[in-house]
Amino acid sequence: MGFRPMLSSLMRNKTGPILVALQIAVTLAIVINSLFIVIQRVEKINRDSGIDVNNVIVTYVRGFGDDFDVASSITNDIDLIRSIPGVVTAAVSNQVPLSGSGSGNGLRIVPDETVEAVSTARYRWGVEGLDALGVELSRGRNFFAEEVNFVFPASDPPAPASILITQALADDLFGDEDALGKTVYWGSMEPSTIVGIIGVMHGSWVGWDKLGNSVIQPGTQADTTNKYIIRVEPGMRDKLMPIIEQELGESNRRRVVKSVKSLEELAARSYRRDRGMAIILSVVITLLVGLTALVIVGLSSFHVTQRTKQIGTRRALGAKRIDIIRQFMLENWLITTAGAVLGVVLTVAVAYWMETSFGLERLDWRFLPAGIAILWVLSSLAVFEPARRAASVPPAVATRSV
Amino acid sequence: MFNYNVKLALKSMRRNPIMTALMVAAIAVGIGISITTLTVYYMMNGNPIPEKSDVLFAVTMDSWNPLRPFDQDNPERAPHQVTYHDAERLIAIAAGKRQAAMFESSLIIEPVNQDDLPFEAGARVTTGDFFSMFNVPFIYGSGWDRSADAGAEPVVVLSKQLNERLFGGEDSVGKRLIMQNTQFQVIGVIDTWEPTPRFYDPINGAFQEINEMFIPYSLTRSLELISAGSDWGWKSEEITSFEQWLNSESAWIQYMVELESPRDRDAYLAHIDAYVSEQKRLGRFERPLNNYVYDVMEWMEYHEVVANDSKVLVGLSFLFLMVCLLSTIALLLTKFVGKQGETSLRRALGASRKIIFKQQIVEVAVIGFSGGLVGLLLAGLGLQGIQYLYDSPDGLVTLDWVMMLTAIGIAITSSMIAGLYPAWRVCKIPPAAQLKTQ
Amino acid sequence: MLQMTHIQKTYRTELVETHALRDMTVSVTAGEFVAVTGSSGSGKTTFLNIAGLLESFQQGTYLLDGEDVSALSDDDRSTYRNQKIGFIFQSFNLIPDLDLFENVDVPLRYRRLPASERKQRIEHALETVGLASRMKHLPSQLSGGQQQRVAIARALAGDPKILLADEPTGNLDTTMAYQVMELLEQIHADGTTIVMVTHDPDLADRAERNIQLVDGRVSAEEVTHPQAENPQLLDLNGSEPLAAQA
């Protein structure tokens, strides 16, 4: 069955094929753009945070009463937690990475207020901080015990002599130069020296483009609400969470255990919107593809039924079964290709609209051929069964009088 | 005739159940997705307090760093919270009809009996006008007045949920609570109040749950209350005491005002400008005069309360609806082609073109209606899914009557539009043309 | 050319068994114009289907152009139909979406001939039936008679060994029927073997031999126009050869 007669046959009965081609085109546009967003979000969620998220527990506690001694409460709590079997280590921090809550500062490499500061998240913890998060130092050293003192809320400590920063922050501050040992200046123009560089550590706000920028000051933060970061042996986390809550609660009734949460849960909450969007779009894609496939199957089946006499005649005239299958597949291929061509135009248009109206990222062009390939495979699969059915129409149909 | 057409429609739909199911499914899925995304968008974009949204204003004053603007991406904007010092002064000036200076905090409620554990509850620390300004409904008691504000009285208004937890839901007016070493007296309990979006504090989350209790703003100093919300500072200042904190340039107070009418906006702004000019003479507010007040809808827009993702989804879902319509047209065409025999018979028996056309449109409308109903079910499911995924408040994901009618309306209208061309094709069939076999 | 011996065809459904052909023995030599007649239910359509390799049979032997067809695969049957047989159907069976040229082209495409050869054959075939000028028209633009003539052109274009015609004039009025029969006679005169199934005795008369079917078997044979060159006629049912009549 030749290409040209098929084309002219389609053209003479245009409406159905045009509708299907249009549908394929719009489907392609939606699917490719949605798939792009989904993959972007999934990549965003799966970024390496540098933190051992699965094995970290976070506890929020708060003491009350006039005579509440924050420092000894903290010391007792940390000692207690560390004594629980299965706990690797525990640290006190001012804020919790990936939690959505954090403090930020601006750092400069010169003590000049007119120079623009580099934004960064700021953490404060002691010697065990890195270990409690499972974060690795790539260069330099961790804090010494002597450098770590209690920091109380109403106090205004001077800038510490030593700080740790992430590589991302180092790149922002010093570019290609080696940041180790260099000096940076806080908003108060006080200096600190970088004694250690962390390879990768995500800060508090996952939606921030400077998520990789963190600076760590040595100290034990003694706030009204205190945050304990606890790392446990693999597999022990879920068992230990209620144990920690109970033991802490019972050890001091003047100190409320506000919540005990896994860092995994906190991080998931931070990524909730991205995950939600990815899931919603995946559902949309599935439904859309399913609908289009069903329509193709439905319409093709209908055409087979409609053209039974014609198929029988062709068989009588010498068409083999494979010729009939080929005919239907080729017809479907023609329509799909027309749809794909139009679809490419639409996809680019929709991508442009997404970029300009909603500020989304520009579509990665490689998604286009990938999308077309998937579409082509699906379309061929959808038409295969009706085509097979067409091929089994017996040639004797040709001589039937009705 | 309409009933007859409906009966015929149902018969025709039954005759080819797979085709019918496919058409209804196509419309249902399209409606389901569109209505889900549209509801979320509509609720996000809605006016949470329509009766007053044009007389309530958020105040911003540009007390920021003279060297660079507060928002690098939008340099014309001033910080959207004010300093404690400025809030105190504004309260004293009392330029508008009512005013609310407020921030989020949390306090520990100490146990009534020794066996209970103390727990932390979130609080909105605010001036007393809050309740009348924002039309907050009470089930017991009331809020406090300006004299209570002035006297820094330790009173508290509870939310319905907190009242349930502490006092079993009964009338707790007059009862006492110990928080922050102070004995508070309950003076009111509010009913469920979930303005969507949370217009009085979009900064800390436009779709958060409501605050659990309300206490007077004037207690901030005496109880050394700390903000649990956001605070921003540009100046490096030495802060070693709470008092110094209160006097700093850190902006952590939200200030909103109610005016008599929308027209009073400019006059009020003049008051603010006058205040800032006075402060400039004292060496503060080193940036050029840049104060602004935003009414509720402007404030929502300023904080981009409607999530970008929501807009993207609405756009995509209308494209999706288009696909569903194309499917429907294609399916209708094929279905109607199969009806040629019956149609030409009817024409031979006396049905005019108009009658045939009407019958097809009714059939299409019935299919559309069915699709709309199923679509509503799907939308309900979809909204449940959204609530689960995003942990949204109930107000955001409720299908109200307007939405439901809209859904059915869109379903029927769009399927009728889809059905126009196929119906026209069918009624063109000449009488008895298909009665001869070929 | 066509030799069936004791062909039996039964249709079986869950409820009913229909013996369409009980004991069909018939022979057609090359170049003959044979009519097969019978009332409805006599098995003429089944005979045609089997003759045209459109259906299989349960018992008996069928030799087409000297070859035993029972061993043929479905693909082989299709090839034979394409190359050896030309079909003419009662309801023309033209494909409505294709123009006349493309319709005649259909069987040639399955033969994978080069475009130039196909074009030549189609044009020649359409000229033979007198419709070359309307090559680009659609079947719906033609009268019934013209459509049947196109169908004949389609059957001829592949140079078939044998033409099988099923009630070729059944859907035509008298004038058109006359034209079509004239055309068939002319084709026969050019040397093509034709087997024509019909219920019209007048039409049957125009053939050389009339095979009458009753209840799935040949009941009688009538020679209407004897062939001078080939007096050998095989009898059926084992009776004596019939004497040639004037």
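Quick caveat, the model's predicted, so the values are computed rather than measured. (Residues numbered from 1 in each chain as written. Chains lettered and ligands numbered in written order. Predicted model: local features only at pLDDT ≥ 70, side-chain atom pairs only at ≥ 80, totals over all residues.)

Caption draft 1: Geometry of the domain arrangement of chain B. Residues and elements named next belong to chain B. Examined at the domain level, chain B breaks down into domain 1 (2–45 + 307–427) and domain 2 (56–302). Distance between the C-alpha centres of domain 1 and domain 2: 48 Å. On the domain 2 side, the residues contacting the 6 residues of domain 1 number 5 residues. (Domains from an automatic or database assignment. Contact = placed C-beta atoms within 7 Å.)

Caption draft 2: Structural detail: the nonpolar core. Ranked by size, the top nonpolar core spans 167 residues in total, and within it B:Phe320, C:Ala153 and C:Val195 carry the most contacts. When residues in this core are grouped by element, the largest group, 16 residues, is from helix α11 (residues 308–337) of chain B. Here B:Phe320 is in contact with A:Ile30, A:Val284, A:Leu288, B:Gly30, B:Ile33 and B:Ser34, once residues within four sequence places are set aside. Grouped together as the second largest cluster of nonpolar side chains are 123 residues, A:Leu130, A:Leu211, A:Val260 and B:Val55 included. (Core = buried A, V, L, I, M, F, W, Y, C linked by C-beta atoms within 7 Å. Buried ≥ 20, exposed ≤ 12 C-beta atoms within 10 Å, placed from the backbone. Helix = DSSP H or I, 4+ residues; strand = E, 2+ residues; numbered from the N terminus.)

Caption draft 3: Seen up close, the interface of chain B and chain A. With 42 residues of chain B at the interface, the matching set in chain A holds 46 residues. Contributing elements (two or more residues each) for the side of chain B that touches chain A: α2 (17–45), β4 (119–126), α11 and α13 (353–390) of chain B. When residues of the side of chain B that touches chain A are assigned to their parent elements, the largest contribution, 18 residues, is made by α11(B). For the side of chain B that touches chain A, the per-class residue count stands at 28 nonpolar, 8 polar and 6 charged. (Nonpolar A, V, L, I, M, F, W, Y, C, P; charged D, E, K, R; others polar.)

Caption draft 4: Highlighting the confidence of the model for chain B. Mean pLDDT over chain B works out to 87, with 98% of the residues at or above the 70 mark. When pLDDT is averaged over each element of chain B, strand β9 (residues 213–216) of chain B comes out on top at 95 and helix α12 (residues 340–348) of chain B at the bottom at 74. (pLDDT = per-residue confidence, 0-100.)

Caption draft 5: Summary view of the sheet that holds strand β13 (residues 255–262) of chain A. Residue and element names in this part refer to chain A. One open sheet accounts for 4 strands, arranged β2-β12-β1-β13; its pairing is antiparallel. The open sheet has two edge strands, β2 (87–93) and β13, and neither has a second partner. Mean inter-strand twist for the sheet, computed between neighbouring axes without regard to direction, equals 20°. When strand β1 (residues 56–63) meets strand β12 (residues 225–232), the two strands line up antiparallel, connected through 7 bridges. Residue Arg62 lies in a different strand from β12, and its bridge partner there is Thr225. Packing against the sheet, helix α6 (residues 237–251) makes contact with β1, β2, β12 and β13, and its axis sits at approximately 175° to β13. Along the sheet, helix α7 (residues 263–270) makes contact with β1 and β13, crossing β13 at roughly 70°. (Pairing = 2+ DSSP bridges. Axes fitted to C-alpha atoms, helices over the stretch in contact; angles between N-to-C directions.)

Caption draft 6: Up close: α6(A). With 15 residues, α6(A) extends 21 Å from end C-alpha to end C-alpha; this agrees with the ideal 21 Å at 1.5 Å per step. Where α6(A) is buried, its residues contact β1, α3 (70–83), β2, β12 and β13 of chain A. (Expected span 1.5 Å × (residues − 1).)

Caption draft 7: Seen up close, unusual backbone geometry. Cis geometry marks the peptide bond from B:Thr196 to B:Pro197; its omega dihedral reads 0°. Even without glycine at this site, B:Gln180 takes up a positive phi of about 50°. Inspection of the secondary structure assignment puts B:Gln180 in the loop between β7 (176–179) and β8 (182–190). Residue C:Asp159 is not a glycine yet carries a positive backbone phi of 55°. With respect to the secondary-structure elements, C:Asp159 resides in the loop between α5 (144–156) and β7 (162–166).

Caption draft 8: Highlighting the environment of B:Leu396. Residue and element names in this part refer to chain B. Inspection of the secondary structure assignment puts Leu396 in the loop between α13 and α14 (401–427). Of the residues examined, Leu396 has 22 C-beta atoms within 10 Å and is grouped as buried. Spatially, the C-alpha atom of Leu396 lies 9.7 Å from that of Pro195, the residues being 201 residues apart in sequence.

Caption draft 9: Fine view of the environment of A:Trp376. Along the chain, A:Trp376 turns up in helix α11 (residues 367–391). The class for A:Trp376 is partly exposed, based on 17 C-beta atoms found within 10 Å.

Caption draft 10: Quick look at the pairing of strand β9 (residues 209–214) of chain C. Residue and element names in this part refer to chain C. Relative to β9, strand β3 (residues 33–37) runs parallel, the two sharing 4 bridges. Bridge pairing in β9 links Val34 to Arg209. In this sheet, strand β10 (residues 217–223) lies alongside β9 in antiparallel orientation, the contact comprising 6 bridges. Bridge assignment links Asn210 to a residue of β10, and that residue is Glu222. Taking the residues that link successive antiparallel strands as the turn, the β9-β10 hairpin has 2 residues, and the phi of Asp215 there is positive, at about 50°.

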